[in-house]
Amino acid sequence: MHGSRITAVGHYQPAKVLTNEDLAEMVDTSDEWIRSRVGIRTRRIAGPDEPVDELAAHAAAKALASAGLTPADIDLVLVATSTAIDRSPNMAARVAARLGIPSPAAMDVNVVCAGFTHALATADHTLRAGAASRALVIGADKMSDVADWTDRTTCVLVGDGAGAAVLETAPEPGVGPVLWGSVPEMGHAVRIEGTPPRFAQEGQSVYRWATTRLPAIARQACEKAGLAPADLAAVVLHQANLRIVEPLAEKIGAVNAVVARDVTESGNTSAASVPLAFSKLVERGDVSSGDPVLLFAFGGNLSYAGQVVRCP
């Protein structure tokens, strides 16, 4: 058995910025209403010629460059997404083709907002078992494609983007044991369904569940890594809503940690939100190499997954 560690991260967001003032011209809302309820100021929106795999490939290319690797070094590509339009080729294969990765195992992971932390655990298990040696793990979503732009309760939340991590085998594990699960009977609380598919949620149900049930689960992820929450250098939660992120971070008890609040400028980017926010913390120097960081995501299917990782 091998360990695995994150050796580099990268992120990408489209150029177009959609402000709260812009949204106020589209639906009955205001900057004050949006900020007071979800804490979001801006979000990025991809154009019609920017598919999910393009967002993912940009983030992955940055992570590869940061790791000092070439596409030929990668033998596993996992893309967490719930907004792929086509069934096949999957997003992982399309990313591999865009980057010129010659013959990787290529799989998509659809656990909606918790997709990246599920994919990271899957890659970690694969590397530990010796079935791959270097993996690209990407979270990418184009939520603007599934948004109902007439529903002010949901369209104000969403943004587009991608985040990526390079995972390599290592003698000492840098990715802690995953703690994951779901509440299948509450799958109706967050949905992307219909033809065409549209994002909808029961906001109050999600808020209550996230702020009451998840703190204890997140603390268990720290325990599995052999750390107390106070030992964490940073906490990167799914960037769903600032009014969920801040209470959840406080209840975890990570009193010395930097708390990612990327939701304020990026909105809810679903599977992209955790790697996007993590990559920004690393890029800004808010965390140092080797620091322990809790990555914890939750959302669609009321699924959750989290693990403590060491910063690249």
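Up top is the structure.
(A) Looking closely at the packing of helix α7 (residues 203-224) against helix α8 (residues 242-252). Between α7 and α8, the least distance of the axes is 9 Å, while the angle of their chain directions is 30°. In terms of orientation, α7 and α8 fall into the roughly parallel class. Handedness of the α7/α8 crossing: right-handed. Residues Val206, Tyr207, Ala210, Thr211, Leu214, Pro215, Ala218 and Arg219 of α7 form the contact with α8, whose participating residues are Arg243, Ile244, Pro247, Leu248, Lys251 and Ile252. The residue makeup of the contact of α7 with α8, split by class, is 10 nonpolar, 1 polar and 3 charged.

(B) Seen up close, the nonpolar core. One finds Leu214, Leu294, Phe296 and Phe298 to be the most contacted residues of the largest nonpolar core, which totals 49 residues. At the level of elements, α2 (31-38), α7, β11 (234-237), α8, β13 (292-298) and β14 (303-310) are the ones that each hand at least two residues to this core. Per-element tally for this core: the top contributor is α7, with 8 residues. Each residue touching Leu214, except ones within four places of it in the same chain, is listed here: Trp209, Leu248, Phe296, Phe298 and Tyr304. Leu76, Ala135, Ala234 and Ala260 belong to the second-largest nonpolar core, a separate cluster that totals 33 residues.

(C) Quick look at the pairing of β11. A two-sided burial pattern is seen for β11, the buried positions comprising Ala234 and Val236 on one face and Val235 and Leu237 on the other. In terms of strand pairing, β11 meets strand β12 (residues 258-259) through 2 bridges, oriented parallel. Opposite Ala234, over in β12, you have Val258 as the bridge partner. Taken together, β11, α8 and β12 constitute a β-α-β crossover, and its handedness is right-handed.

(D) Region of interest: α7. Between its first and last C-alpha, α7 extends 30 Å over 22 residues, near the 32 Å set by a 1.5 Å rise per residue. Within α7 the residues assigned to the buried category are Ser205, Val206, Trp209, Ala210, Thr211, Leu214, Pro215, Ile217, Ala218, Ala221 and Cys222. Looking at the buried side of α7, the elements it contacts are β8 (179-182), β9 (190-193), β10 (198-201), α8, β13 and β14. Gly226 lies just past α7 and shows a positive phi near 75°.

(E) Up close: the side chain of His118. Positionally, His118 belongs in helix α5 (residues 115-128). On the basis of relative accessible area, His118 is assigned to the buried category, the value being 12%. There is a polar contact of 2.8 Å between the side chain of His118 and the backbone oxygen of Ala114.

(F) Representation of the pattern of salt bridges within the structure. All chains considered together, the criterion is met by 12 salt bridges. Measuring nitrogen to oxygen at the nearest pair gives 3.0 Å for the salt bridge that ties Arg261 to Glu246. Taken together, the residues Arg261 in the loop between β12 and α9 (263-266) and Glu246 in helix α8 connect sequence positions 15 residues apart. Ionic contacts of the salt-bridge type, sharing partners, join the residues Arg243, Glu246 and Arg261 into one network.

(G) Inspection of the packing of helix α3 (residues 52-67) against helix α4 (residues 91-99) at higher detail. Following both chains from N to C, one finds α3 and α4 inclined at 55°, their axes separated by 9 Å at the closest point. Between α3 and α4, the angle is such that the two are oblique. The interaxial crossing formed by α3 with α4 has right-handed handedness. Contacts from Val52, Asp53, Glu54, Ala56, Ala57, Ala60, Ala61 and Leu64 of α3 reach α4 at Met91, Arg94, Val95, Arg98 and Leu99.

What counts, and at which threshold
- Residues numbered from 1 in each chain as written.
- Predicted model: local features only at pLDDT ≥ 70, side-chain atom pairs only at ≥ 80, totals over all residues.
- Heavy atoms only, no water.
- Axes fitted to C-alpha atoms, helices over the stretch in contact; angles between N-to-C directions.
- Helix = DSSP H or I, 4+ residues; strand = E, 2+ residues; numbered from the N terminus.
- Parallel < 35°, antiparallel > 145°, perpendicular 65-115°, else oblique.
- Left-handed = near helix turned anticlockwise from the far one by under 90°.
- Contact = heavy atoms within 4.5 Å.
- Nonpolar A, V, L, I, M, F, W, Y, C, P; charged D, E, K, R; others polar.
- Core = buried A, V, L, I, M, F, W, Y, C linked by side-chain atoms within 4.5 Å.
- Buried < 20%, exposed > 50% of the residue type's maximum accessible area, 1.4 Å probe, protein only.
- Pairing = 2+ DSSP bridges.
- Right-handed = clockwise from strand over helix to strand, strands pointing away.
- Expected span 1.5 Å × (residues − 1).
- Polar contact = N/O pair within 3.5 Å; in protein donor to acceptor, adjacent residues only side chain to side chain.
- Salt bridge = Lys/Arg side-chain N within 4 Å of Asp/Glu carboxyl O.

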